[in-house]
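Residue strings, one per chain:
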Amino acid sequence: MEDSILLENYRDVYEYIDRFGIHEVRKLARAFGIGCPSTPKKHALIMSIIRVATGISEPPARSRRGARVKAEPVSEERIAEVRDRIARCNAAMAYREWELNPTQMQFADRSGSKKQYGYGDTCFAGYLEINKQGVGVLRGMNCESSEKDPVLSDGMIKNNFLKEGDLVNFYALEEEGKSPQLLQLATVNGREPYHSERKSFEEYISVYPQERLDFSKAKSAALRALNLVCPLFKGQRGLILAPMGAGKTSLLMQIAEEFTQKYSQHKLLLVLPEYRMEEITEFRNKFPSALVAATPFDAPALQTMQAAKLALEVAKRAAESGKDVLLLVDSVNVLARAYMASNPPCGVTTRGGVDMNAMQWLKKYFNTARNLQDAGTLTMLATGVTETSNWLDEDICFELLGAANLLIRLQSERAFDGVFPSIEYGRCTSKRSELLQSPQERARAKQFLADAAEKGVLQALSAAEKGTL
């Protein structure tokens, strides 16, 4: 780590040590195992103390040459204070930034006995997936998997405090006929690695959503109407229930379009299991800055599960770093079937035949969306297929209703008239929305619902937007 970055990250530690005279700093250096502290100047010595105390560098080997220094040992309180300040700096800075592309790479001409890799060497970028054995694999930028994906050892993951879903860049050695061998970590989430533990997603406190995703100026009339009667808030778990052909995919695309235009600084992820190939191409071309974890219709169930799971971990890492994330899933029915096809059954099923292990996994997946205190938000909108005369689909959607705090229903009747998406506004609900809406907006929403049946949705929406209701 460069001195400028080190000083920026551990400025509090530097300023604390800099208060003392050079003799006290030398005693502190000896306490951390730095030999010959009389030679360097004060600034260089403080930087050496920080490097050794943080574990970034190993203390240099002690020299037996010269006279033995008779110096009083530094107090334990001072050493404890340095370690405590380092811990506070680590907690405050650890991967708090999130950048898609690395902004700085390591150069190959650094001094040292070991070879340093940098410009001119092969560098791989991808999202880290960790299996049950602790072995990591570097997957593609859209969570796609390949037999030639580079492998990371469990030791490399532990030593660098990496997590599943991290966007990492590694220098690698390529040999013909073999998977690339990863040699040196370059960046993590676009930043130089910090060798410190990070707070896990589950350790953050979940609070009620406080901030709104405003679609009042959306091009789509359906989104503007939804924004009025069923507002969407950051950190919600939304369920879109629709029969086949009611326009749930078009609704998701409209939401994604408005989100990328108005909230370009936020992160958008789409999980599209078992999609048609041309639809996958359409989504990736339309949303080039988004992560589109899509698998084709004929993909193995295990590949579908891996892509969906990794996309969720990427969303969690971004939320931990303070980002606001929107995750769109289409659909939960496909994910449940993929889990049942790729995992052994537990022997207990619901009335409709859904394996309880699959149902529990899906509940955990859906319940991940939340508003994190002192961090970011993870908002999830997932579609569910209903009215299929299949009890399995009905059970999947019914079990998730308990965790949803946003419900959007689509109907097939209006779809027959060519209205897409055919939203049934009277049955859409957003919990606790009344606490974050003004009385005037709530009044307009009630009047809109009352007039929509008589005048039609577009006329009622036009009247509501003009404030004539």
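Everything quoted here is computed from the prediction, not taken from an experiment.

J.: Can you tell me about the side chain of Asn189, naming the residues and giving the values?
T.: Within the secondary structure layout, Asn189 lies in the loop between strand E5 (181–188) and strand E6 (206–207). A distance of 3.3 Å separates polar atoms of two side chains, one belonging to Asn189 and the other to Asp166.

J.: Run through the nonpolar core, naming residues and quoting values.
T.: Counting 47 residues, the largest nonpolar core has Leu327, Leu362, Tyr365 and Leu378 as the members making the most contacts within it. Ranked by the residues each element gives to this core, the list is headed by helix H10 (residues 301–320), at ten residues. Once you skip the residues sitting within four places of it in the chain, Leu362 turns out to touch Val332, Leu335, Ala336, Ile396 and Leu400.

J.: Which residues make up the packing of helix H8 (residues 248–262) against helix H9 (residues 277–286), and what are the values?
T.: At their nearest, the axes of H8 and H9 sit 11 Å apart, and the two run at 15° to each other. Between H8 and H9, the angle falls in the class roughly parallel. Note that H8 runs across H9; the crossing there is right-handed. Contact residues: Thr249, Met253 and Glu257 in H8; Glu282, Phe283 and Lys286 in H9. Residue composition of the contact of H8 with H9, grouped by class: two nonpolar, one polar and three charged.

J.: Can you lay out the pattern of salt bridges for me, pointing to particular residues and giving the numbers?
T.: In the structure shown here, the tally under the stated rule is 25 salt bridges. Notably, a salt bridge pairs Arg427 with Glu424, separated by 3.6 Å at the nearest N-O pair. Connected via shared salt-bridge partners are Lys163, Glu202, Glu313, Lys316, Arg317 and Glu320.

J.: Tell me about the pairing of strand E15 (residues 406–409), and please be specific about residues and values.
T.: A two-sided burial pattern is seen for E15, the buried positions comprising Leu406 and Ile408 on one face and Leu407 and Arg409 on the other. Pairing between strand E9 (residues 237–242) and E15: four bridges, direction parallel. Pairing of Leu241 across the sheet is with Arg409, part of E15. For E15 and strand E16 (residues 429–430), the ladder comprises two bridges, and the chain directions are antiparallel. Among the inter-strand pairings, Leu406 is bridged to a residue of E16, identified as Ser430.

J.: Outline the packing of aromatic side chains, listing residues and values.
T.: Enumeration according to the criterion identifies six aromatic pairs in this entry. Taking 5.7 Å as the distance between ring centres and 35° as the angle between the ring planes, the aromatic pair formed by Phe259 and Tyr263 counts as tilted. For the pair Phe259 and Tyr263, one class covers both residues: buried. Put simply, the rings of Tyr275, Phe283 and Phe287 touch in pairs and so form one group of aromatic residues. Positioned above the aromatic ring of Tyr204, the side-chain terminus of Lys199 is 4.6 Å from the ring centre.

J.: Break down unusual backbone geometry for me, with residues and values.
T.: Following Asp330, the chain continues to Ser331 via a peptide bond in cis, the omega torsion being 10°. Summarising the element assignment, Ser331 is placed in the loop between strand E12 (324–329) and helix H11 (332–342). At Cys143, a position not held by glycine, the phi torsion is positive, near 65°. Secondary-structure assignment places Cys143 in the loop between strand E2 (136–139) and strand E3 (151–152). Judged by relative accessible area, Cys143 falls into the buried class, the value being 5%.

Reading the values: rules and limits
- Residues numbered from 1 in each chain as written.
- Predicted model: local features only at pLDDT ≥ 70, side-chain atom pairs only at ≥ 80, totals over all residues.
- Heavy atoms only, no water.
- Helix = DSSP H or I, 4+ residues; strand = E, 2+ residues; numbered from the N terminus.
- Polar contact = N/O pair within 3.5 Å; in protein donor to acceptor, adjacent residues only side chain to side chain.
- Core = buried A, V, L, I, M, F, W, Y, C linked by side-chain atoms within 4.5 Å.
- Buried < 20%, exposed > 50% of the residue type's maximum accessible area, 1.4 Å probe, protein only.
- Contact = heavy atoms within 4.5 Å.
- Axes fitted to C-alpha atoms, helices over the stretch in contact; angles between N-to-C directions.
- Parallel < 35°, antiparallel > 145°, perpendicular 65-115°, else oblique.
- Left-handed = near helix turned anticlockwise from the far one by under 90°.
- Nonpolar A, V, L, I, M, F, W, Y, C, P; charged D, E, K, R; others polar.
- Salt bridge = Lys/Arg side-chain N within 4 Å of Asp/Glu carboxyl O.
- Pairing = 2+ DSSP bridges.
- Phe/Tyr/Trp six-rings, centres within 6.5 Å; stacked < 30°, edge-to-face > 60°.
- Lys NZ or Arg CZ within 6 Å of the ring centre and 35° of its normal.

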